[in-house]
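Remarks on the overall topology
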Amino acid sequence: MDSPVRTIHRDRFYAPVKHPDDAKRDANGALENFKLKLGHSKFCRQSAFQNVATIFPILEWIMKYDLRKNLLKDFIAGLTVGTIAVPQALGYAVVAGVTPIFGLYTCFIPPLIYSLMGTSRHVSVGVFALVCLMTGEVLTDAIERQDVRMGLFNQTLLLMEPGGAGLDGLSPPPVMLSGSQIVSTLAFAIGLWQVVMGILGLGFVTVYLSDRVVQGFACGAAFHIFNTQLKWIFGLSYRKRRGLFCLPLSVYDFVVALPSTHLPTFLVSLVCLTALITARFLNGNAKVMKVIRFPIPMELLVIVFGSVASYFMNLRAVYAIDIIRSVPLGFPSPQLPAFHLLPELFHDSFIIAVIAFSVAISAGRVFAQKHHYSIDSNQELRALGVVNLVGGFFQCLPSAVALARSVVQESAGGVTQVQN
């Protein structure tokens, strides 16, 4: 039998031979493809870093920070502002209606957070007189509402039948919050408004609040703050006026109570005011500053020497001078805000959030134009919002940019937010 014819295919045994130029082109193509993938990966990493740096601008400028040139300047500016911030925190906490320790908390936590997220290099964040004054008004309203609810609850109990009949259907007693809880919840509500406005890109709202409006508002607040401090300077006690014509009525109450001035308190106040005004004059004198080179931290010196005098002279027991007394050590543990109170603070927190941001962006733009850099209004909203959100968990007062401290910080030679 004839064997079948088998067909042998050459392709099974012989691979096609490529020209050397073809192999070279394939190698170059693979190299270019690798470079494209590598470049795409690098671009993705850069995009991710830029996105994170948009939220935390410190990641961009901290890599370029010049230790030799800027560290000493930032240290001196931070030390100078710190000597002012501590006394202001103690005083403005009283204006807000809470104990001074909560003002000290606001001196530390908010500036630390703002240094991570803020775009302005020269503003000082913390307690601010205008915001503290408005906080005190909101706190007074909230406490009055609490008292009304508790009074209605007690009246309901009195109207119940003897023996407790009908108590099963009675709603639980209203929760009584302390002043610090109300204030920290207000800070949280303000932060919530600012974060939401920053995410929605509503930084343009400051266009409708001119610098003149903000300055006029701050000037009016200065009169109210001065009025609230008169009773402490003279050691007087009279009721707090509220509503229409509260300022002239408070002045009337002060004049009526003036004959009962507590002389030791007034003398201590007079000595402290004289020292502060003298230091302000010396620090503003160019000839004096050329000699001393460093502003006199009289605010801090008044606290130090006042505390020493109070301890050794026993001012409270011997002269009946009201003092702060003991201050808790350390930082508070995080606490949840009173979330059920947020609807009551809805309107007031929005007003304070807008005003605080307007002051911040006005000050930030002035310093940015002077030192030739730019700020992002929406990022400033988010930064201030996170500052107040976090502060609401650590019993801080509502935070804002303090104009006077910011000017001192910039004039002291501060360059970046490292000074905070």
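Computed from a predicted model, the values in this text were never measured in an experiment.

Rules and cut-offs
Residues numbered from 1 in each chain as written. Predicted model: local features only at pLDDT ≥ 70, side-chain atom pairs only at ≥ 80, totals over all residues. Heavy atoms only, no water. Helix = DSSP H or I, 4+ residues; strand = E, 2+ residues; numbered from the N terminus. Contact = heavy atoms within 4.5 Å. Areas by Shrake-Rupley, 256 points an atom, 1.4 Å probe, with all protein chains shown as cover. Expected span 1.5 Å × (residues − 1). Buried < 20%, exposed > 50% of the residue type's maximum accessible area, 1.4 Å probe, protein only. pLDDT = per-residue confidence, 0-100. Axes fitted to C-alpha atoms, helices over the stretch in contact; angles between N-to-C directions. Parallel < 35°, antiparallel > 145°, perpendicular 65-115°, else oblique. Left-handed = near helix turned anticlockwise from the far one by under 90°. Nonpolar A, V, L, I, M, F, W, Y, C, P; charged D, E, K, R; others polar. Phe/Tyr/Trp six-rings, centres within 6.5 Å; stacked < 30°, edge-to-face > 60°. Lys NZ or Arg CZ within 6 Å of the ring centre and 35° of its normal.

Looking only at helices and strands, the chain features 15 helices and two strands. Relative to all contacts within the chain whose residues are 6 or more apart in sequence, the contacts with residues 24 or more apart total 80%. Of the roughly 25,500 Å² that the chain leaves accessible, carbon and sulfur atoms contribute 67%.

So, on to unusual backbone geometry. Leaving glycine aside, a negative phi is the common case for residues, and trans is the common case for peptide bonds. Positive phi, normally seen in glycine, also occurs at asparagine 314, with a value near 55°. By the secondary structure assignment, asparagine 314 is in the loop between helix H11 (298-313) and helix H12 (315-319). Positive phi, normally seen in glycine, also occurs at glutamine 395, with a value near 60°. For glutamine 395, the position within the fold is in the loop between helix H14 (377-393) and strand E2 (400-401).

On to helix H13 (residues 346-371). End to end, H13 covers 37 Å across 26 residues, agreeing with the expected 38 Å (1.5 Å per residue, within 8%). The first or second residue beyond H13 is histidine 372, which carries a positive phi of 60°.

Right, let's get into the environment of proline 295. Mapped onto the elements of the fold, proline 295 is located in the loop between helix H10 (286-292) and H11. Judged by relative accessible area, proline 295 falls into the partly exposed class, the value being 23%. The spacing of proline 295 and glycine 284 is 11 residues in sequence and 8.7 Å in space, taken between C-alpha atoms. Those residues in contact with proline 295 that lie beyond four places of it in its chain are Thr80, Asn283 and Met289.

The next subject is the confidence of the model for the chain. Mean pLDDT over the chain: 81, with 84% of residues reaching 70 or higher. Between residues 8-15, whose pLDDT stays under 50, and residues either more than four places distant or in other chains, the model counts one contact.

For the pair helix H6 (residues 179-199) and H13, interaxial distance at closest approach is 8 Å and the crossing angle is 60°. Relative to H13, H6 is oriented oblique. Crossing angle aside, the handedness with which H6 passes H13 is right-handed. Here H6 contributes Leu186, Ala189, Ile190, Trp193, Gln194 and Met197 to the contact with H13, which in turn contributes Phe346, Ser349, Phe350, Ile352, Ala353, Val354, Ala356 and Phe357. Classifying every residue of the contact of H6 with H13 by side-chain character gives 12 nonpolar, two polar and no charged.

On to the side chain of glutamine 379. Mapped onto the secondary structure, glutamine 379 falls in helix H14. Exposure remark for glutamine 379: the relative accessible area of 1% places this residue in the buried category.

Next up on the list: the packing of aromatic side chains. Throughout the structure, instances matching the rule amount to nine aromatic pairs. Plain terms: the ring middles of phenylalanine 102 and tyrosine 105 are 5.9 Å apart, the flat faces sit at 80° to each other, and that makes the pair edge-to-face. With phenylalanine 102 and tyrosine 105 both in helix H4 (residues 101-117) and three residues apart, the pair spans about one turn of that helix. Given a relative accessible area of 12%, phenylalanine 102 falls into the buried group. Here the aromatic rings of tyrosine 311 and phenylalanine 312 are separated by 5.1 Å at their centres, their planes lie at 90°, and the arrangement is edge-to-face. Note on tyrosine 311: relative accessible area 67%, which makes it exposed. Among the aromatic side chains, those forming a connected cluster through ring pairs are Phe188, Phe339 and Phe393. Of note, arginine 121 hangs over the ring of tyrosine 373, and the distance from its end group to the ring centre comes to 4.3 Å.

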